[in-house]
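# Fold and geometry: a report
One-letter residues, chain by chain:
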Amino acid sequence: MHTQNVKVKTAAQKPSERWGENPQRNIILSQELPPLRGMAVRVAWGMAQVMRVIDEARARYEEAEVLHEAEMEGYHDFHSGNPVPPGMFSDSPQLIKAWKKGRGFAAGASEMAECSGCHSGNGEPCPYHD
């Protein structure tokens, strides 16, 4: 069998041909895309679900932690004026429920902070929020 040395021309000989006119312009998507609301919580929820197969007790603990984080997302979303849950929660009824619970808590706390009955100073419980 005879072999010959053959020069093969690649599609792009120089880096400038690969990247266009400006080889210094490298796009890094993580810096150009806005963060997805609820992504960290949703990933942690998925990991807690996988943990069920490995260690049921630890999975329950991790699920409780993630649900608390989802509540905190709802609390912060109330104060930032965002009325809809993160899209990342859409396939998990538990995360949606926790988010709504956190949002409801924030709404109640905000209402009590502005209630004259709660801040009357007479020591009597507020008739609306006792």
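Look up: the structure comes first, before these words.
Residues numbered from 1 in each chain as written. Predicted model: local features only at pLDDT ≥ 70, side-chain atom pairs only at ≥ 80, totals over all residues. Heavy atoms only, no water.

### A few points about the packing of aromatic side chains
Centre-to-centre distance and the angle between the planes together describe a pair of aromatic rings. A complete count under the given rule lists one aromatic pair for this structure. Between the aromatic rings of Tyr75 and Phe105, the centroid separation amounts to 6.2 Å while the plane-to-plane angle is 35 degrees, which identifies the pairing as tilted. Residue Tyr75 is located in helix α4 (residues 56-80), and its partner Phe105 is located in helix α5 (residues 93-114); the two are separated by 30 residues in the primary sequence. Residue classification places Tyr75 among the partly exposed positions, given a relative accessible area of 27%. (Phe/Tyr/Trp six-rings, centres within 6.5 Å; stacked < 30°, edge-to-face > 60°. Helix = DSSP H or I, 4+ residues; strand = E, 2+ residues; numbered from the N terminus. Buried < 20%, exposed > 50% of the residue type's maximum accessible area, 1.4 Å probe, protein only.)

### Focus on the environment of Met51
By the secondary structure assignment, Met51 is in helix α3 (residues 39-54). In sequence terms Met51 and Glu63 are 12 residues apart; their C-alpha atoms lie 9.4 Å from each other. Aside from chain neighbours lying at most four places away, what touches Met51 is Glu56, Arg58, Ala59 and Glu62. (Contact = heavy atoms within 4.5 Å.)

### What to know about the nonpolar core
For soluble globular proteins, the rule of thumb is that nonpolar side chains tend to be buried together. In terms of nonpolar packing, the biggest core is built from nine residues, these being Val41, Trp45, Val66, Ala70, Phe89, Leu95, Ile96, Ala98 and Trp99. Those elements giving two or more residues to this core turn out to be α3, α4 and α5. Here this core takes four residues from α5, the largest share from any one element. Residues contacting Trp99, with those up to four places away along its chain left out, are Arg37, Ala70, Glu71, Glu73, Gly74, Asp77, Asn82, Pro83, Val84, Pro85, Pro86 and Phe89. (Core = buried A, V, L, I, M, F, W, Y, C linked by side-chain atoms within 4.5 Å.)

### Side note on α5
Compared with the 32 Å implied by 1.5 Å per residue over 22 residues, the 32 Å span of α5 between its first and last C-alpha is a close match. For α5, the complete set of buried residues consists of Leu95, Ile96, Ala98, Trp99, Gly102, Arg103 and Ala106. (Expected span 1.5 Å × (residues − 1).)

### Observations concerning α4
Between its first and last C-alpha atoms α4 spans 36 Å; for 25 residues at 1.5 Å apiece the expected length is 36 Å, and the two agree. By the burial criterion, the buried members of α4 are Ala59, Glu62, Glu63, Val66, Ala70, Gly74 and Asp77. In this structure, the buried side of α4 is in contact with α3 and α5. Of the residues flanking the end of α4, it is Gly81, one or two places downstream, whose phi is positive at about 80 degrees.

Fair warning: the whole summary comes from geometry, so function is off the table for now.
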